[in-house]
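Chain by chain, the residues:
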Amino acid sequence: LYECIAGVNPFAGDSYHAVVANVLEREPPPLDGIGEALQRVLDRALAKKPEARFADAAEMLTALRAATGRGPLVSSAAFTVDAAASAGAAPTLPP
């Protein structure tokens, strides 16, 4: 998400090892002009401690939509997962 917004990798390095070290040791620089709410979403998504990150994509989507002033995209109840879906088939939408 950071790279999509900024156009640059926040942890770029000259080698694979440098990138890994940057991910583990550095905080990504804050972005100018995106607003505090969206910056908080980015910070939480890139938090070093797993327990500080979003629990799942749905939680992150909710935070992103709130940060950008948009309402819910779709209710989580709109999708169902059945035995076929868990076996690899596509999830189904209710009628």
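The present account deals with the structure reproduced in this document. None of the values given here were measured: they were computed from a predicted structure.

1. Here's the deal with the overall build of the chain
Moving on, step 1. Scanning the chain for helices and strands turns up five helices and zero strands.
Moving on, step 2. Going residue by residue from the N terminus, the α and β elements of the chain occur as α-α-α-α-α.
Moving on, step 3. The buried share among the 95 residues of the chain stands at 17%.
Moving on, step 4. Pairs at least 24 apart in sequence give 33% of the contacts found in the chain among residues at least 6 apart.
Moving on, step 5. For the chain, the exposed surface amounts to about 7,000 Å²; the carbon and sulfur share of it is 59%.

2. A word on the pattern of salt bridges
Moving on, step 1. The tally for this structure, following the rule as stated, stands at two salt bridges.
Moving on, step 2. Among the salt bridges present, the one from Glu 36 reaches Arg 40, with a minimum N-O distance of 3.9 Å. You can see Glu 36 and its partner Arg 40 sitting in helix H3 (residues 36-45), four residues apart, about one turn around the helix. Residues Glu 36 and Arg 40 agree in their burial class; the two are exposed.

3. Brief notes about the packing of H3 against helix H4 (residues 57-67)
Moving on, step 1. It is the contact of H3 with H4, at a shortest axis distance of 8 Å, that shows an interaxial angle of 160°. In this view, H3 runs roughly antiparallel relative to H4, as classed from their interaxial angle. Once H3 is placed against H4, the crossing between them reads as left-handed. Listed contacts from H4 to Ala 37, Leu 38, Val 41, Arg 44 and Ala 45 of H3 are Glu 59, Met 60, Ala 63, Leu 64 and Ala 67.
Moving on, step 2. Of the residues contributing to the contact of H3 with H4, the split by class is eight nonpolar, no polar and two charged.

Rules and cut-offs
Residues numbered from 1 in each chain as written. Predicted model: local features only at pLDDT ≥ 70, side-chain atom pairs only at ≥ 80, totals over all residues. Heavy atoms only, no water. Helix = DSSP H or I, 4+ residues; strand = E, 2+ residues; numbered from the N terminus. Buried < 20%, exposed > 50% of the residue type's maximum accessible area, 1.4 Å probe, protein only. Contact = heavy atoms within 4.5 Å. Areas by Shrake-Rupley, 256 points an atom, 1.4 Å probe, with all protein chains shown as cover. Salt bridge = Lys/Arg side-chain N within 4 Å of Asp/Glu carboxyl O. Axes fitted to C-alpha atoms, helices over the stretch in contact; angles between N-to-C directions. Parallel < 35°, antiparallel > 145°, perpendicular 65-115°, else oblique. Left-handed = near helix turned anticlockwise from the far one by under 90°. Nonpolar A, V, L, I, M, F, W, Y, C, P; charged D, E, K, R; others polar.

From the geometry alone we can't say anything about function, so treat these as descriptive.
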